[in-house]
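Structural overview for review
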Amino acid sequence: MENKSAFVRNSACLLLLFFACFVVWPVGRMFSSITCQSAMEVFSSPVFRKALCSSLVSASFTTVFSMLLALLMALLVCRTHAGGAIWQVVFILPMLVPSVSLGTGLVLLLGANGFLTRLLHLSGSIYGLHGIVLGQVLYTAPVAFLLLCNILRYEDYTPHEAAMVLGVPARSRFASLTLGHLRRESIAAAFLVFSMAVTDYGIPLAVGGKVKTLATVLYASVAGQQQFGKGCIIGVCLLIPALLAFLFDSGRRQSASGTTRREFFVPHRPVADIAAFCLCCVIGLLFVLPILAFLFTMLLEDYPLHMELTLRHIRDCLNARGVLGLKNSLLLSAGTALGGTVIAAFAAYAAARHRGGLARSVHLLSTLTLSIPGLVLGLAYVLAFKRTALYETMGILIFSSIIHFFTTPYLMLYQTFGKLNANLEGTGRVLGVPPFRLFANVFLPQCAETLLDMFSYFFLNAMVTISAVSFLATAQTRPLSMLVTQYSDQINPEGAAVLSFFILAINLLVRGIVFLLKRLLRTPARAAQ
């Protein structure tokens, strides 16, 4: 691992050039566009101050409620026998649709003419700060759930066993051991949830009403008014919480150390398991109802005036614009998944299996992309590439999406490479195997399941992203997620519902294909044993 081959050195140099072109230069270009005068104008604006206050308040409430809900979900899935595999799919459904679709679903449920509003004769309005908080809890809780669930799976059972022998009560074991095990990861997840809530504009756009957030003001300033100077100032403000999350998470990963653990034993407790199953059903309804609402709406003639069932809206959305949006979404997602997986594979290999300044630089830049919100990245790309051949092409959308979603797939493979035998490179040198062949024929086949997870992550997120492409898409490159936003703005819930259904169906199909491929990969391994 100490010796750097020309293959690794050249790969690292190309990766650094890639990051310089698509991360460092655009963000630097955005910072260079800031002037003292524009900063003073923005900070003294009542609209900015109100938006900042609304963003901080909604994100704070979202973080508290989302983390509590995510912790409950993770404990129900990992510490009971309530049918964990089923609920893991149900609980992440909001991640498979654009956030604006989730907001639209809430309007269809709880708006003035919402299904639940009319059925239960509810008063009040979903629009406003409380609507934003509710929508963003449903949007961010699945992400925090996945993070906490992953940590709970790797909790060591030995301390719990010792505590039981010593007669420590279950409540004390939970408070001191389980919550202690989750403490640092929970703080990191809370930073991530706060950052997601501050930078999301899909849900505030759908249910915010008169309440403006920093993200919606940024979107209106750049997309509607072409005020790039004002957009840069707000973009820097949006960078701050995401950068804090990155710094905290970097410190957390650096302080982590591997230890031998014993798999956690979950006893069968019929009463507790039934209660957990019922709780899962209630929580699952929270996530499923908004999605069912827009799926049902697409089959109605003209909600809420004419409630007859029809397939007209599906046919209408399969017009030239809808088909073009579908093609663009598939091209964007496939390009992002293929390109992102390849680039992340080379980056993870260079950083995890080799040491030195180049490897550390690749790792730093690969993780730093997590701290750049999609809206900020899109604005930076507009300023950096506006007069280049890349601008207004599908290529710039693909590069923006790769950078936006790069860190998580990179870390998946980085951690997997780190667990492989440290002597593989040395053995390859002794046998005269070229480094690239070793990488392609030895390392990648051992990480095939991780590569499939990476491909799936890039594809699914590119299908639902709005923020990373909102400033870059044109009429010819606009994906379905942007058309959902456009239909919602035009008060066409049926059309938005149909397009959201297309996105959800494609994402579920891809998840199913990846699941089957992983099963096929495990079959030969089991046969060999």
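Summary of the structure given here. (Residues numbered from 1 in each chain as written. Predicted model: local features only at pLDDT ≥ 70, side-chain atom pairs only at ≥ 80, totals over all residues. Heavy atoms only, no water.)

This part is about the overall build of the protein chain. Across its full length, the protein chain carries 24 helices and two strands. For 529 residues, the compact-globule estimate of 2.2 N^0.38 gives 24 Å, and the C-alpha radius of gyration of the protein chain, at 24 Å, lies within 12% of that figure. Overall, the C-alpha framework of the protein chain stretches about 75 × 65 × 50 Å when taken along its three principal axes. Taking all 529 residues of the protein chain together, the buried fraction comes to 51%. Of all intrachain contacts in the protein chain linking residues separated by at least 6 positions in sequence, the fraction that spans at least 24 positions is 83%. Summed over its atoms, the accessible surface of the protein chain is roughly 24,200 Å², and 67% of this surface lies on carbon and sulfur atoms. (Helix = DSSP H or I, 4+ residues; strand = E, 2+ residues; numbered from the N terminus. Rg over C-alpha atoms; globule rule 2.2 N^0.38 Å. Buried < 20%, exposed > 50% of the residue type's maximum accessible area, 1.4 Å probe, protein only. Contact = heavy atoms within 4.5 Å. Areas by Shrake-Rupley, 256 points an atom, 1.4 Å probe, with all protein chains shown as cover.)

In terms of strand pairing, strand 1 (residues 300–302) meets strand 2 (residues 306–309) through two bridges, oriented antiparallel. Paired with Leu300 across the strands is Leu309, a residue of strand 2. Between strand 1 and strand 2, which pair antiparallel and follow one another directly, the connecting turn spans three residues. (Pairing = 2+ DSSP bridges.)

Let us look at the environment of Leu451. Among the structural elements, Leu451 can be located in helix 22 (residues 448–464). The class for Leu451 is buried, based on a relative accessible area of 18%. Counting along the chain gives 38 residues from Leu451 to Leu413, while the straight-line C-alpha distance between them is 7.4 Å. Sequence-distant contacts of Leu451, defined by excluding residues within four places in its chain, comprise Thr341, Ala345, Leu413 and Leu444.

Attention now moves to the packing of aromatic side chains. Applying the stated criterion to the full structure yields 31 aromatic pairs. Plain terms: the ring middles of Tyr201 and Tyr219 are 4.6 Å apart, the flat faces sit at 25° to each other, and that makes the pair stacked. With a gap of 18 residues between them, Tyr201 in the loop between helix 9 (170–199) and helix 10 (202–207) and Tyr219 in helix 11 (residues 214–224) connect regions that are remote in the sequence. Ring pairing ties together the aromatic residues Phe18, Phe19, Phe22, Tyr381, Phe385, Phe399, Phe406, Tyr410 and Tyr414, which thus form one cluster. (Phe/Tyr/Trp six-rings, centres within 6.5 Å; stacked < 30°, edge-to-face > 60°.)

So, about helix 1 (residues 6–32). Here helix 1 spans 36 Å end to end across 27 residues, near enough to the 39 Å set by a 1.5 Å rise per residue. Maximum bend of helix 1: about 40°, positioned at Ala20. (Expected span 1.5 Å × (residues − 1). Bend = angle between axes of the 7 residues up to and from the residue.)

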